[in-house]
Every structure is written in C-alpha cells, then in structure tokens.
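Breakdown of the fold
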Amino acid sequence: MKLKKLLIGLIAFLMFASPSFAQSFGVRLGYPFGVQYSTANVGQQGSGFRVALETSFFAGLNLQADLMLGRIKLGDTAPLGLYYGAGAHVGFIFTGQIFLGLQATIGLEYLLQPGLSLGADFSGGVSFLPGAATAIAPYFGGAFLIIFKI
C-alpha cells in the first residue's frame, strides 16, 4: 500500500514541479488502465518527458517513465503527429513479484482542439524479474489516450 501512495505522490509532484514546461495529463484507457503526465507539448514538434502509472485491473502496478525523443508532424493540414521515445519501467505484481526493465515507445496523437487530444501508444522492451525462475521476460505496454493540457 505504501508503494501505491509513493507512486501517486511522485506523479502529483511531477505535475507541478516544472511550470515552465507545456504540461498535459492523460487518461489511459483499455488494458492496462491508468493515468499519465507529460511535459511534451501536444500537437507540436519537440521532445519531453512522460510518466505513466498503470494498473492491470488490480493484478499489479506499473510505473513507466519515457524520454520523448521527438515528434513528427504527419501532414500539413491534419493535426496528427507521431512521437517516439525510450525509457524504463518498474512494476509490482500483487502476488509479490517485482520487475524492472527498459522499453521503446511509439505513438500517434490527434489534436481535437487546443488543450484536448486523442492518441494511442505502444511500448515494447525487456523486463528483469529478480528472484524469479525466468529472470528475463518481454515487456509490452500501450493504451488509447485522452490527453488534457493543464
């Protein structure tokens, strides 16, 4: 329970720690369900930092942090963009197993109006499970997103 409070506190701190960045808050829909905070400016070129906290319907928690390395605008008139980055993740399965690892992330984002966008992302990488019989496992993550600029 302390881990969950610590992770929620970390995300809340990051939301307000850097007011000079363009900040957004997102809801991650589907499996896993969660929330995310990003310093990347929605609909714009550039890089940023993103933290996502996800739960697999109370089977476990996963905290994923990504450095968004860039954005590519897709089309001259359409407010559609592709973003990509890399990062690390740490998780806890409620059966007692902890995992940590590295991943790459790619996603699409469509700006509906200033301050509101929809998107989807996918992350793939490797997880290390200390103390488990299988010490290395593949990592997959992703979600559909509703993103609000704050």
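Chains are numbered independently. Their residues run from 1 in the order of the written sequence. Residues qualify for local features only when their pLDDT is at least 70, as the model is predicted, and side-chain atom pairs are given and counted only at 80 or more; totals for whole chains, interfaces and linings, by contrast, use all residues. Heavy atoms throughout the structure, all of them, feed into the side-chain values; hydrogens and water do not.

Quick look at the confidence of the model for the chain
Confidence of the prediction at every residue is given by pLDDT, a number between 0 and 100. Residues of the chain with pLDDT of at least 70 account for 77%, and the chain-wide mean is 79. Considering each helix and strand of the chain separately, the mean pLDDT is smallest for helix α1 (residues 2-17), with a value of 54, and largest for strand β7 (residues 116-128), with 92. This model gives residues 17-21 a pLDDT under 50, and the stretch forms four contacts once residues within four places in sequence are excluded. The helix count covers DSSP runs of H or I at least four residues long, the strand count covers runs of E at least two residues long, and both are numbered beginning at the N terminus. The contact definition used throughout considers only heavy atoms, calling two residues in contact when any of these lie within 4.5 Å.

Overview of the sheet that holds strand β6 (residues 98-113)
What the eight strands build is a closed barrel, ordered β1-β2-β3-β4-β5-β6-β7-β8; its pairing is antiparallel. In this sheet, adjacent strand axes meet at a mean angle of 25° when their direction is disregarded. Any two strands between which DSSP finds at least two bridges are classified as paired. Direction of pairing for strand β1 (residues 24-29) relative to strand β2 (residues 33-38): antiparallel, over a ladder of five bridges. Its bridge partner lying in β2, G26 is registered against Q36. In this analysis an axis means a line fitted to C-alpha atoms, helices contributing only their contacting stretch, and an angle means the value between N-to-C directions, from 0 to 180 degrees.

A few points about the pairing of β6
The sheet contact formed by strand β5 (residues 80-93) and β6 spans 13 bridges and is antiparallel. Within β6, the position partnered with H89 by the bridge is G101. A loop of four residues connects β5 with β6, the two strands running antiparallel in sequence, and G96 in this loop sits at a positive phi of about 110°. Here 13 bridges tie β6 to β7, and the two strands are oriented antiparallel to one another. In the sheet register, L111 faces β7, and the bridge partner there is S117. Adjacent in sequence and paired antiparallel, β6 and β7 are bridged by two residues, among which G115 carries a positive phi angle near 95°.

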